[in-house]
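For reference, the chains in residue letters:
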Amino acid sequence: MEEKQVKSAYKELAKIVGEKYVSMDKEDIMPYCRDEVSQAFKTYMADLVVAPGTVEEIREILRLCNKIKLPVYPYAFGVSISSTALPRVGGLMLVVRRLDKILEINDETHTATIEPGVTWSKLYFEAKKQNLEPLGLGGGPHSGSLIGNFVLGGGNTGGIDINEEVACEVVLPDGDLMWTGSAGMKGHEKLNPWCRVGYGMNLTGIFHGCLGTYGVVTKVLRRLYPLRNIEERVQIGFDTFEDCLNGMKDLIDLGISKQVYGVNKAQAAMIAADSEIIKDPVEYEKYENIFPEFLIVDKISCYNEKQQTVYKELIEETISKYGGKIVSFSGKTQDALMELWDGSSSVAIRYLRHNPHLMAFAMLPPSMLPGLREITKKIMKDLDYELTTFSNKTIEHPRCWITPWERNESYLFEQEMEFVPEDPVSVKKFLEFQKRYYQESAKYGSSQINAGFLKRLEPMMWPGYMKIIRGVKELLDPNNIMAPKQMLKDI
Ligand SMILES: Cc1cc2nc3c(=O)[nH]c(=O)nc-3n(C[C@H](O)[C@H](O)[C@H](O)COP(=O)(O)OP(=O)(O)OC[C@H]3O[C@@H](n4cnc5c(N)ncnc54)[C@H](O)[C@@H]3O)c2cc1C
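What counts as what
Residues numbered from 1 in each chain as written. Predicted model: local features only at pLDDT ≥ 70, side-chain atom pairs only at ≥ 80, totals over all residues. Helix = DSSP H or I, 4+ residues; strand = E, 2+ residues; numbered from the N terminus. Contact = placed C-beta atoms within 7 Å. Axes fitted to C-alpha atoms, helices over the stretch in contact; angles between N-to-C directions. Parallel < 35°, antiparallel > 145°, perpendicular 65-115°, else oblique. Left-handed = near helix turned anticlockwise from the far one by under 90°. Nonpolar A, V, L, I, M, F, W, Y, C, P; charged D, E, K, R; others polar. Expected span 1.5 Å × (residues − 1). pLDDT = per-residue confidence, 0-100. Pairing = 2+ DSSP bridges. Core = buried A, V, L, I, M, F, W, Y, C linked by C-beta atoms within 7 Å. Buried ≥ 20, exposed ≤ 12 C-beta atoms within 10 Å, placed from the backbone. Domains from an automatic or database assignment.

Quick look at the environment of S301 now. Structurally, the position occupied by S301 is in strand β14 (residues 294-302). Setting aside chain neighbours within four positions, we find S301 in contact with R228, E231 and K258.

And the structure:
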């Protein structure tokens, strides 16, 4: 943008939010133009950053952006890890963090009404006071928002389902305000916003994962779950990938789990090791070997010991069919694993402690995951792509994360493809891997939950599907101010 335009936009924005909350200084803007994997890609830079404090201010900002055709990118905490919060064409970063209130925790409907700057940990600690909890993000950082998390679909909800958002309030690109679900009827946002699908269609779904391209989500009703007297995380080890997947599938079918998810050995060790062990390759190798090939957790929630005993018997009976064993560790290792299963921020840091990485995702039924893992291995071999751990030994398969996302229908399988940002050869291989992985995994049958992939995959989609995606964007945002080029190549 030309300097004159930037200065004039700055003045208008300052009238809305006050000078303290808007800036056109590079040092202020830059932190909002990055995410974990953006180091491997082109650098993007916005022209301005604004941090509104109310929904009304957001409405006014979007009206202004429409008037002066200023591109605007919503941004919460920037931990999306999928390069989805970057200012692709410059413009304005709209930071929603100041809207950080939990407006209600409803004991009857087991929901929380939250603003977009509420972090997972804030909700977790507040809900706990009322014996409720949101389902964890798994490895996800507590410091990210639950609304930005829309990009991935609401965290891993193993064995339950993906629809953690009941309804939302959105500021549309023209500044208009609306609610979804039963709150789609005016006034029902106060009277009865608790029916997820209102009036025939699930409109929450179109704002769920749209990367800010259809509007700014300003409130969400998020599901909570009761905390019972006994909340236990049962850790189970398996020897092979197939056994692990079969075990997870049967555990979900038992219908007694709050959440189930798992990691491979390299991932478990990387997260659990303390900072001294990672400095010594020999010690680290020994440490890695205390973990089973696959380690999963089955969270159970029980009213009393009688229920707990029955549940654990059922679990043991189920996993024994696949050679699974209940395992525990000692000291700091066990503490770190408990943080992992609860999705603590410190775990997120350890998750990323080796080299920056891209999470190569797949969504497939469990029986198809071993095939995908082999495809990954083949691409790595073709590209001579080497992955190591702190032991300096090469690993055959990337660190991974496995989550039954929607009961047994679709598992999220995430493989951490590391790269060394300062090494151009490593970055080149990483980019080549990415291209091939997404093409070949799609050919194999994998879907992607992140709308950012539509940029690459549009030619493979049904024309009618894209007509709706594009049509909604054109209808809601004729001036294309909302997050241009985040979801699609041209708009
Ligand atoms: C180590 C690690 C592990 C992770 N594991 C998981 C996991 O297990 N499960 C999981 O679901 N996620 C996981 N994630 C992803 C991350 O936790 C979520 O994407 C995160 O909650 C994003 O929140 P954020 O506030 O940082 O969003 P941002 O990164 O700021 O934004 C993400 C996207 O949402 C849009 N957006 C943000 N706020 C709004 C709004 N109010 N209205 C409209 N659009 C908006 C942005 O424009 C952007 O496109 C992981 C991330 C890391 C770093």
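That shown, we press on.
What follows concerns the packing of helix α1 (residues 3-17) against helix α3 (residues 55-68). Packed helix pairs are specified by the crossing angle of their axes together with the interaxial distance, meaning the distance between the axes. The contact between α1 and α3 brings their axes to 10 Å, and the two run at 160 degrees. In terms of orientation, α1 and α3 fall into the roughly antiparallel class. Along this stretch, α1 crosses α3, giving a crossing that reads as right-handed. The segment α1 lies against α3, with A9, E12, L13, I16 and V17 engaging E57, E60, I61, L64 and I68. In terms of residue class, the contact of α1 with α3 is built from seven nonpolar, no polar and three charged.

Along its 15 residues, α1 runs 21 Å from first to last C-alpha, staying within 8% of the 21 Å computed at 1.5 Å per residue. Just downstream of α1, G18 is the residue with a positive phi angle, here 90 degrees.

As a note on interpretation, predicted positions should not be read in detail where pLDDT is low. Overall, the prediction assigns the chain a mean pLDDT of 91, with 94% of residues at 70 or greater. Contacts from residues 152-160, a stretch scored under 50 in pLDDT, to residues over four places away or in other chains number 43 contacts.

Right, let's talk about the sheet that holds strand β8 (residues 165-171) for a bit. Pairing within the open sheet is antiparallel, and its five strands lie in the order β5-β6-β10-β8-β9. Only two strands of the sheet have a single neighbouring strand rather than two, namely β5 (102-106) and β9 (177-179). Neighbour-to-neighbour, the strand axes of this sheet turn through a mean angle of 10 degrees, independent of strand direction. One ladder, built from six bridges, connects β8 with strand β10 (residues 216-223); its direction is antiparallel. Looking across to β10, one finds that C168 is bridged to V220.

This part takes up the nonpolar core. Counting residues in hydrophobic clusters, the biggest one holds 123 residues, and the most contacted among them are V50, V72, L92, M93, L94, V95 and I296. Beyond its immediate stretch of four places on either side in the chain, V50 contacts L13, V17, Y21, V22, I61, L92, L94 and V95.

The next point concerns the domain arrangement of the chain. Examined at the domain level, the chain breaks down into domain 1 (3-95), domain 2 (102-226) and domain 3 (230-444). In this assembly, 16 residues from domain 1 lie in contact with 18 residues from domain 2. Breaking the side of domain 1 that touches domain 2 down by element, the ones donating at least two residues are α3 and β3 (72-75). No other element matches α3, which puts seven residues into the side of domain 1 that touches domain 2.

Our focus in this paragraph is the environment of C302. Mapped onto the elements, C302 comes out in strand β14. Here the alpha-carbon distance between C302 and R63, two residues 239 residues apart in the chain, equals 50 Å. Setting aside residues no more than four positions away along its own chain, C302 makes contact with R228, N229, I230, Q307, Q308 and Y311.

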